[in-house]
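# Chain and residue survey
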Amino acid sequence: MSFIKLTNIKKVFNRLDKPAVDNFNLTIQQGEIVSILGPSGCGKTTILRLIAGFEQPTVGTIEIDGKTVYDEKTFVPPEKRGVGMVFQDYALFPHLTIEKNVAFGLNKWRRGDKRRRVREVLELVDLAEYAKRYPNELSGGQQQRVALARALAPQPNVVLLDEPFSNLDASLREKMRHEITDILKKAETTAIIVTHDQKDAFAVSDRVVVMNEGVIQQVAHPRDIYTCPTNCFVAQFVGRTNLLQGRVAEDLKHVDTKIGRICLAEKTKEAIDEEVMISIRPEGCRLLENGEGRYKGRVARVVYSGEYQELFVRLSEEEDTTDQHLLIYAPVEKHIEIGSSISFDITPELVALVD
Ligand SMILES: Nc1ncnc2c1ncn2[C@@H]1O[C@H](COP(=O)(O)OP(=O)(O)OP(=O)(O)O)[C@@H](O)[C@H]1O
């Protein structure tokens, strides 16, 4: 059974504006962690607010746990939807202790049950010993876990997290990605996480929804979003890519481009000789020694990124324009000089046809 179902959602804030969200259809299963990923202003937060009931769609239907919470005849208010929110700035009450913050949504619970539940969720987020402290006595990561504990305490149907990692520094951010996923999985909660950071989305979710300008571009497992992006926007938004134009070859398994014939992971459904666009991930270009590779080029620029070297490879001897460069990753330990000739092969699994 689907747990959250959004059907044909459209949201227009001001009559003359473009819709903030349009034709949005998404079904989420119980216990699933789904990220909504997209650039600033693409409508991510609006989706969360529509699910929580802080906004109403202009058109569309919202179901949570098999019940309609919004359609043209129904509006279930936020407090009756069973939705927990974790806000970007955590929104903890500074004058309340951690345990009182966590107990905040439990005022209808019996006293003994309330105490038990607060202890249980504080243990879940590994903060039981901080129960009597105040928010300003905790680190950023700890405050975030309190915010999550508070959202989880009333046993909501779903937890919505708005940019949960944006206030954390890089190393804490990486740690919290794992901790939050572990906590959500342990709590067996359905969760939707809004982020504009592809690493956040890939690290925490079962499925990623990529949005642009209010419209869903692709919904898939993080690996498939990376290796089989459906269009140029997704290909570029979720990582570095080389985009090349070409024509479909007679066997439907290759595309002829200016650098030569490139193999696809699978046969395409496009017609022979159709003009198409392909995305090649930089790490899909494998450097080979002794000129054995099928493709050749000259290194125009080398950038050290720490984990690898980025090679900007010139594919023709003609004028040195950027669009004639192919980005290729090489191991850091390999010594590569600017101007040297290299040869490489392209792994079909990291080549995708894009719109
Ligand atoms: N209350 C509002 N009134 C009018 N326009 C709004 C309102 N809320 C959002 N919008 C507009 O709707 C669009 C989507 O906004 P939204 O906040 O959902 O984007 P977002 O993807 O969450 O962006 P960010 O990552 O910057 O938070 C934007 O163009 C925004 O200006």
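As recorded by an unreviewed UniProt entry, the protein carries the name Carnitine transport ATP-binding protein OpuCA and is attributed to Aeribacillus pallidus. Recorded in UniProt under Subunit (unreviewed entry), the annotation for the protein is "The complex is composed of two ATP-binding proteins (OpuCA), two transmembrane proteins (OpuCB and OpuCD) and a solute-binding protein (OpuCC)."

The next subject is the overall build of the protein. Secondary structure assignment for the protein yields eight helices and 21 strands. Overall size of the protein, expressed as C-alpha extent along the three principal axes, is 75 × 50 × 35 Å. Residues counted as buried form 35% of the 355 residues belonging to the protein. Relative to all contacts within the protein whose residues are 6 or more apart in sequence, the contacts with residues 24 or more apart total 65%.

Strand pairing in a sheet takes place through backbone hydrogen bonds and is either antiparallel or parallel in direction. One open sheet holds the five strands; their spatial order is S14-S13-S12-S15-S21, and the pairing between them is antiparallel. Each edge of the sheet is formed by a strand with only one pairing partner; in this case those strands are strand S14 (260-263) and strand S21 (351-354). The sheet shows a mean angle of 45 degrees between the axes of neighbouring strands, taken without regard to direction. With four bridges joining them, strand S15 (residues 275-280) and S21 adopt antiparallel strand pairing. By the bridge assignment for S21, Ser279 is matched with Ala352.

We now examine the UniProt feature "domain: ABC transporter" (unreviewed entry) in the protein. Within this structure's numbering, the places UniProt gives as "domain: ABC transporter" (unreviewed entry) are residues 4-238. Along residues 4-238 the backbone is 33% helical and 26% strand, and the end-to-end C-alpha distance reaches 25 Å.

Residue position: Arg173 is located in helix H5 (residues 170-186). Sequence separation of Arg173 and Leu288 is 115 residues, and the distance between their C-alpha atoms is 36 Å. Sequence-distant contacts of Arg173, defined by excluding residues within four places in its chain, comprise Phe165 and Leu168.

Taking 1.5 Å of rise per residue, 13 residues should cover 18 Å, and helix H4 (residues 140-152) covers 18 Å from first to last C-alpha, within 8% of that figure. With 10 of its 13 residues buried, H4 lies for the most part within the structure. Of the residues making up H4, those classed as buried are Gln143, Gln144, Arg145, Val146, Ala147, Leu148, Ala149, Arg150, Ala151 and Leu152. Elements in contact with the buried residues of H4: strand S7 (83-86), helix H2 (98-103), helix H3 (111-124), strand S8 (158-162) and H5.

Bringing the sheet that holds strand S18 (residues 308-314) into the picture now. In space, the five strands of this open sheet follow the order S16-S20-S17-S18-S19, with antiparallel pairing throughout. Pairing within the sheet leaves two strands with one partner each, and these edge strands are strand S16 (285-288) and strand S19 (325-331). Direction aside, the axes of adjacent strands within the sheet are offset by 50 degrees on average. Where strand S17 (residues 295-304) lies against strand S20 (residues 341-346), four bridges are found, and the strand directions are antiparallel.

A positive phi angle, near 50 degrees, is found at Asn23, a position not held by glycine. Within the element layout of this structure, Asn23 appears in strand S2 (residues 21-29). Its identity as a non-glycine residue notwithstanding, Ala91 has a phi of 50 degrees, on the positive side. One can find Ala91 in the loop between S7 and H2.

Fine structural detail should not be taken from predicted coordinates in areas where pLDDT scores are low. On average, residues of the protein carry a pLDDT of 92, and 97% of them reach 70 or more. Reported for the predicted complex are a pTM of 0.91 and an ipTM of 0.97.

Each value, and the rule that gives it
- Residues numbered from 1 in each chain as written.
- Predicted model: local features only at pLDDT ≥ 70, side-chain atom pairs only at ≥ 80, totals over all residues.
- UniProt positions renumbered as here; feature names shortened; annotations may be inferred.
- Helix = DSSP H or I, 4+ residues; strand = E, 2+ residues; numbered from the N terminus.
- Buried ≥ 20, exposed ≤ 12 C-beta atoms within 10 Å, placed from the backbone.
- Contact = placed C-beta atoms within 7 Å.
- Pairing = 2+ DSSP bridges.
- Axes fitted to C-alpha atoms, helices over the stretch in contact; angles between N-to-C directions.
- Expected span 1.5 Å × (residues − 1).
- pLDDT = per-residue confidence, 0-100.

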